[in-house]
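Below, each chain spelled out in residue letters.
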Amino acid sequence: MKRLAWLWMLVLVLAGCSTGAQAGPSTATHDTSTNTASSARIVATTVAITEITAALDLPLVGKPTSTKTLPPQYKDIPDVGNPMSPDMEKVLSLQPTDVLSVTTLQYDLEPKFKDLNMNAEFLDFESLEKMENEILKMGTQFDRTTKAKEITDTLKAKVAEVKKTVADKPSPKVLILLGVPGSYLVATEHSYIGDLVKIAGGTNVVQGESVEYLASNTEYLQKSNPDIILRAAHGMPEEVVKMFDEDFKTNDIWKHFNAVKTGQVYDLPEPLFGTTASLSAPQALDELLQMMYPSS
């Protein structure tokens, strides 16, 4: 892993964050080019995808099981289970023409869908721009080109606005920690939150890596001297925040971090800052600007 190899080991993020494998294009053979919104039977397996299908005014026959609030038009649509482990028999019973998941889950889920001869499409939401491209593809695929362009134009306008806002500001050095129950990882610029930080003018303290997440090495991170520490919680937010608080209190090394000394340690609310891109990106960018440029 280049010159930082002796400090880091490549790790797998919990399913739903990253599989650690390079997911290639789906090998499903079903031809979706002839599907229209009226004839397609779509199962959305993640919250982010469900929000996008709602914005595109697409009907669903299945939606993910989630504690998060889903678009109201799908309240009577059957649940198909957790995004990381959908109930395959339930999905199959809905006779879908299109099952929509994300590339970060492709390594684990694609073989299961293929075994049941279901057309699973894995959308790349690993950055805001990649999500925009997927929305445009969905617009073409399901006769929603105008709506898709409206959505992506709004996102692009927000990015342009943010970049203009930070153009003349010094770039803060940012450390992003992704907490999962029991441990935490370091997010690189290739993660979705890392992408948002980059858009907002920040410089990730971890450079030269090709993966989304790395194992934590607090001694090395302290030497990188971040101006800001962002803590994102995944899975069980309340438990993870308590874990972070306890570690920052009991692990003596944290008090030497400049960001800790200056009080620039922020917890990112999960509804806005997921592990994959979502339509909440504009609000997430607004939150980041306040954290990264508190005196502005």
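Heads up: the structure comes first, above all this text.
This text gives an overview of the structure that appears in the document. (Residues numbered from 1 in each chain as written. Predicted model: local features only at pLDDT ≥ 70, side-chain atom pairs only at ≥ 80, totals over all residues. Heavy atoms only, no water.)

1. A few points about helix α6 (residues 192–199)
Stage number 1. Extensive coverage of α6 is indicated by the burial of seven of its eight residues.
Stage number 2. Considered for burial, the residues of α6 that qualify are Y192, I193, G194, D195, L196, V197 and I199.
Stage number 3. Next to the buried residues of α6 lie α4 (128–141), α5 (145–166), β4 (173–180), β8 (228–233), β9 (265–268) and α10 (281–292).
Stage number 4. Just beyond α6, the residue with positive phi is G201, at close to 90 degrees. (Buried < 20%, exposed > 50% of the residue type's maximum accessible area, 1.4 Å probe, protein only. Helix = DSSP H or I, 4+ residues; strand = E, 2+ residues; numbered from the N terminus. Contact = heavy atoms within 4.5 Å.)

2. Let's talk about the packing of α6 against α10
Stage number 1. For the pair α6 and α10, interaxial distance at closest approach is 10 Å and the crossing angle is 60 degrees. Handedness of the crossing formed by α6 with α10: right-handed. Judged by residue contacts, Y192, L196, V197 and I199 of α6 engage A281, A284, L285, L288 and M292 from α10.
Stage number 2. Residue composition of the contact of α6 with α10, by class: nine nonpolar, no polar and no charged. (Axes fitted to C-alpha atoms, helices over the stretch in contact; angles between N-to-C directions. Left-handed = near helix turned anticlockwise from the far one by under 90°. Nonpolar A, V, L, I, M, F, W, Y, C, P; charged D, E, K, R; others polar.)

3. Quick look at α10
Each turn of an α-helix holds 3.6 residues, which means side chains three or four residues apart point in the same direction.
Stage number 1. For α10, with twelve residues, the first-to-last C-alpha span of 16 Å sits near the 16 Å given by 1.5 Å per residue.
Stage number 2. Every buried residue of α10 is accounted for by A281, P282, A284, L285, L288, L289, M291 and M292.
Stage number 3. Residues of α10 that are buried in the fold lie against α4, α5, β4, α6, β8 and β9. (Expected span 1.5 Å × (residues − 1).)

4. Details of the pattern of salt bridges
Stage number 1. Scanning the model with the defined rule gives eleven salt bridges in all.
Stage number 2. Among the ionic pairs, K75 bridges to D76, the shortest N-O distance being 3.2 Å.
Stage number 3. For D245, the salt bridge goes to R231, with nearest N and O atoms at 2.7 Å. In this pair, D245 sits in helix α8 (residues 237–250) while R231 sits in strand β8, placing the two residues 14 residues apart along the sequence.
Stage number 4. Connected through salt bridges with shared partners, the residues K158, E161 and D286 form a single ionic network. (Salt bridge = Lys/Arg side-chain N within 4 Å of Asp/Glu carboxyl O.)

5. Here we look at the packing of aromatic side chains
Stage number 1. Tallying each qualifying case throughout the model produces six aromatic pairs.
Stage number 2. A ring pair is formed by Y184 and W254, whose centres lie 6.3 Å apart and whose planes are at 50 degrees; its orientation type is tilted. Taken as a pair, Y184 in strand β5 (residues 183–187) and W254 in the loop between α8 and α9 (258–261) lie far apart in primary sequence, 70 residues in all. Taken individually, Y184 and W254 each receive the classification buried, so the pair is uniform in this respect.
Stage number 3. Through a chain of ring-to-ring contacts, three or more aromatic side chains come together here, namely Y184, F244, F248, W254 and F257. (Phe/Tyr/Trp six-rings, centres within 6.5 Å; stacked < 30°, edge-to-face > 60°.)

6. Here we look at the sheet that holds strand β1 (residues 42–44)
Stage number 1. Strands sit in the order β1-β2-β3 across an open sheet of three strands; the sheet is parallel. Unpaired on one side and paired on the other, β1 and β3 (120–123) mark the two borders of the sheet. Within the sheet, the average angular offset between the axes of one strand and its neighbour, ignoring direction, is 25 degrees.
Stage number 2. Strands β2 (98–102) and β3 of the sheet are contacted by α4, whose axis makes an angle of about 145 degrees with β3. (Pairing = 2+ DSSP bridges.)

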